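Here is how the chains run, residue by residue.
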Amino acid sequence: MDANHCSTRSNKTRLSGQTHPGRSRLVKRHIRVGQQSSITSLFLFNLSLADFLMALLIIPIHVIVEIIYLSWPLGYTMCKLFSYLQGISVFVSALTHVVISWDRVVLVYFPLRPRISHRSAVGLIVGVWILACIIPFPMLVVNQLHEENFSAQCVEDWTVLFPNLIVNRTSNPPQFLFEMDLWIGAHLVVDISSAYTVLLMILQYFLPLGVICGTYAAIVFRVRRLQTPGERDQMRDQKLNRARQKVSYFDSLYVANVAIIYEISIIWIKCEPT
């Protein structure tokens with residue numbers, strides 16, 4: 001009786017010793033999945049902040065200025081802050097989409113590599129906000145409140161940054177021309193406002209969209225080339241092919257949606273009250 005009892009206890013001990021590593025691996029897997037979802041949630045939360053800034057502040061001011069008043073009734077401080085906050089919102093959204101797309105392509109191509117830590121994700125978000133605050137900073141300086149025809153207008157005045165510019169106020173909007181002699185007989189004239197607009201288009205639209213298109217194209221390419229391990233199963237392979245087609249479809253739809261939204265945002269970023 002004692003021998004049977006001892007053997008039963010020893011068997012239980014061996015079984016428990018064998019199952020503990022499996023349980024620990026399962027727990028680690030759940031922790032890793034939870035960590036991945038929390039990092040993705042951080043990126044999505046940051047994206048939501050930019051969208052809320054656009055929806056709750058930028059769009060209502062556009063409606064007030066462009067449709068209701070047709071002038072600038074919000075004072076000097078908001079004239080300074082409006083375009084700057086608008087630029088921050090668009091840049092945060094664009095850069096966050098870039099970070100999300102890059103994070104996904106790393107997960108697809110290197111599934112066994114540990115994902116970035118929570119601290120690194122927070123650091124990326126902080127870096128996104130720092131860049132988003134630096135790039136549109138000239139808008140905070142050049143936007144000035146001018147009185148025209150008994151109404152206030154919030155317009156750009158690049159002579160605040162570059163006093164030696166030649167101003168052509170006969171055009172609409174005014175041109176702020178920078179002239180430079182390259183060599184004998186060669187003369188360069190650049191409109192600073194237009195040049196800055198082109199720079200914003202590249203940094204806010206074309207460059208992020210190019211990165212997003214490239215990363216999601218790489219994901220689609222990787223998913224389509226994946227080989228299913230094990231023996232061939234026609235029904236299973238058909239289901240996997242349909243799933244891969246859905247991934248390709250939704251990735252294409254996502255990129256098209258981002259392109260349209262960014263285009264609308266970039267059109268708004270340089271709008272001025274008339």
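Every chain begins its residue count from 1, and numbering advances along the sequence as written. At least 70 in pLDDT is required for a residue's local features to be given in this predicted model, at least 80 for side-chain atom pairs to be given and counted, and no such filter applies to totals for whole chains, interfaces and linings, which use all residues. Remark: hydrogens and water are excluded; side-chain values derive from all non-hydrogen atoms of the structure.

Peer 1: Which residues make up the overall build of the chain, and what values do they have?
Peer 2: What counts as a helix is a DSSP run of H or I of at least four residues, what counts as a strand is a run of E of at least two, and both are numbered from the N terminus. Within the chain, the secondary structure is distributed over 6 helices and 5 strands. When the helices and strands of the chain are read in sequence order from the N terminus, they spell out α-α-α-α-β-β-β-β-β-α-α. Here the chain has roughly 17500 Å² of accessible surface; of this, 66% comes from carbon and sulfur atoms. Note that accessible areas follow from Shrake-Rupley with a 1.4 Å probe, and for residues the cover is restricted to the protein chains shown.

Peer 1: Residue-level account of the state of the cysteines, with values.
Peer 2: Count a disulfide wherever a pair of cysteine sulfur atoms falls within 2.5 Å. Using the criterion set out here, one finds 1 disulfide in the structure. Disulfide partner of Cys-79: Cys-154, at an S-S distance of 2.0 Å. Residues Cys-79 and Cys-154 share a disulfide whose torsion about the S-S bond is about 90°; that sign makes it right-handed. Taken together, the residues span a long stretch of sequence, with Cys-79 in helix H2 (residues 75-109) and Cys-154 in strand E2 (residues 151-156) at a distance of 75 residues.

Peer 1: Which residues make up the packing of H2 against helix H3 (residues 118-134), and what values go with them?
Peer 2: Here an angle of 0 to 180 degrees is reported between the N-to-C directions of two axes, which are lines fitted to C-alpha atoms, with helices fitted over the stretch in contact. Between H2 and H3, whose axes approach to 8 Å, the crossing angle comes to 145°. Crossing handedness for the pair H2 and H3: right-handed. Counting all contacts with H2, which are made through Tyr-84, Ile-88, Phe-91, Val-92, Leu-95, Thr-96 and Val-99, the residues of H3 involved are Leu-124, Val-128, Trp-129, Leu-131, Ala-132 and Cys-133. Polarity classes work like this: nonpolar for Ala, Val, Leu, Ile, Met, Phe, Trp, Tyr, Cys and Pro, charged for Asp, Glu, Lys and Arg, and polar for all others, with Gly in that last group. Within the contact of H2 with H3, the residues separate by chemical class into 12 nonpolar, 1 polar and no charged. Put simply, a crossing is left-handed when the front helix is turned counterclockwise from the back one by less than a right angle, and right-handed when it is turned clockwise. In what follows, residue pairs with any heavy atoms lying within 4.5 Å of each other are defined as contacts.

Peer 1: I'd like a description of the UniProt feature "transmembrane region" (unreviewed entry) in the chain, backed by residues and values.
Peer 2: UniProt positions are given in the numbering used here, feature names are shortened, and annotations may be inferred rather than shown by experiment. Under the present numbering, the feature "transmembrane region" (unreviewed entry) in UniProt falls on residues 42-69, 81-100, 121-141, 205-226 and 247-269. A helix fraction of 100% and a strand fraction of 0% characterise residues 42-69, whose end C-alpha atoms lie 39 Å from each other. End-to-end, the C-alpha atoms of residues 81-100 are 28 Å apart, and along that stretch the chain is 100% helix and 0% strand.

Peer 1: Got a sec to walk through H3? Specific residues and values, please.
Peer 2: Within an α-helix, residues lying three or four positions from one another point in the same direction, as the helix has 3.6 residues per turn. Along its 17 residues, H3 runs 25 Å from first to last C-alpha, staying within 8% of the 24 Å computed at 1.5 Å per residue. Think of it in three bands: residues with accessible area under 20% of the maximum for their type are buried, residues over 50% are exposed, and the middle band is partly exposed, with areas taken using a 1.4 Å probe on protein chains only. Among the residues making up H3, those that are buried are Ala-121, Ile-125, Val-128 and Ala-132. Buried residues of H3, viewed axially, fall in a sector of 55°; they line one side. Away from the buried face of H3 by more than 90 degrees, exposed residues Arg-119 and Ile-134 are located. The length a helix should cover is 1.5 Å for every residue beyond the first. Read the arc as the range of directions from the helix axis to the C-beta atoms.

Peer 1: I'd like to hear about the nonpolar core, residue by residue, with values.
Peer 2: Ranked by internal contacts, the top residues of the largest apolar core, which has 28 residues, are Phe-43, Val-92 and Trp-158. At the level of secondary structure, the elements contributing two or more residues to this core comprise helix H1 (2-69), H2, H3, helix H4 (137-142) and helix H5 (192-225). With 9 residues, H2 is the largest single contributor of residues to this core. Contact partners of Val-92, with chain neighbours within four places excluded, come to Asn-46, Ala-50, Val-128, Trp-129 and Ala-132. Ranked by size, the runner-up nonpolar core spans 9 residues in total, among them Met-54, Ile-61, Val-65 and Trp-72. By nonpolar core is meant a set of buried Ala, Val, Leu, Ile, Met, Phe, Trp, Tyr and Cys residues that side-chain atoms within 4.5 Å join together.

Peer 1: Can you explain the pairing of strand E1 (residues 143-148)? Please cite residues and give values.
Peer 2: With 6 bridges connecting them, E1 and E2 associate as antiparallel partners. When the bridges of E2 are listed, Gln-144 appears paired with Val-155. Pairs of strands are assigned from DSSP output, requiring at least two bridges between the strands.

Peer 1: Quick rundown of unusual backbone geometry? Include the residues and the values.
Peer 2: The general pattern is negative phi for most residues beyond glycine and trans for most peptide bonds. In this structure, Leu-70 takes a positive phi of about 60° despite not being glycine. Within the fold, Leu-70 resides in the loop between H1 and H2. For Leu-70, a relative accessible area of 48% corresponds to the partly exposed category.

Peer 1: Residues and numbers for the pattern of salt bridges, please.
Peer 2: When a carboxyl oxygen of Asp or Glu is within 4 Å of a side-chain nitrogen of Lys or Arg, the pair counts as a salt bridge. Taken as a whole and assessed by the stated rule, the structure comprises 1 salt bridge. Here Asp-103 and Arg-115 are joined by a salt bridge, their closest N and O atoms 2.1 Å apart. In this pair, Asp-103 is assigned in helix H2 and Arg-115 in the loop between H2 and H3, connecting sequence segments 12 residues apart. No difference in accessibility class separates Asp-103 from Arg-115, as the two residues are buried.

Peer 1: Which residues make up a nonpolar patch on the surface, and what are the values?
Peer 2: For patch building, the residue pool is restricted to those with more than 30% relative accessible area and no salt bridge; the joining distance is 9 Å between like charges and 5 Å between nonpolar side chains (Val, Leu, Ile, Met, Phe, Trp, Tyr). Together, Ile-59, Val-63, Ile-67, Ile-68 and Tyr-69 give the surface a local cluster of nonpolar side chains, amounting to about 490 Å² of exposed area. In this structure, Ile-59 sits in helix H1.

Peer 1: Tell me about the environment of Asn-168, and name the residues and values.
Peer 2: Examined against the element boundaries, Asn-168 turns out to sit in strand E3 (residues 166-168). Here Asn-168 is in contact with Pro-174 and Gln-175, once residues within four sequence places are set aside. Polar contact is defined as a pair of N or O atoms within 3.5 Å, subject to the rule that within protein one atom must be able to donate a hydrogen and the other to accept it, and that residues adjacent in sequence are counted only when both atoms are side-chain atoms. Within the local environment of Asn-168, its side chain forms a polar contact with the side chain of Thr-170, the two groups lying 2.5 Å apart.

Peer 1: Tell me about the confidence of the model for the chain, and name the residues and values.
Peer 2: The predictor reports its confidence for every residue as pLDDT, a score running from 0 up to 100. Taken residue by residue, the chain gives an average pLDDT of 75. The fraction at 70 or more is 67%. Confidence, read as mean pLDDT per element, is least for helix H6 (residues 234-269) in the chain (57) and greatest for H3 (93). Every residue in residues 1-35 is under pLDDT 50, and counting partners more than four places away or in other chains gives 7 contacts. Taken together, the stretch residues 269-274 has pLDDT below 50 and engages in 25 contacts with residues farther than four places along the chain or on a different chain.

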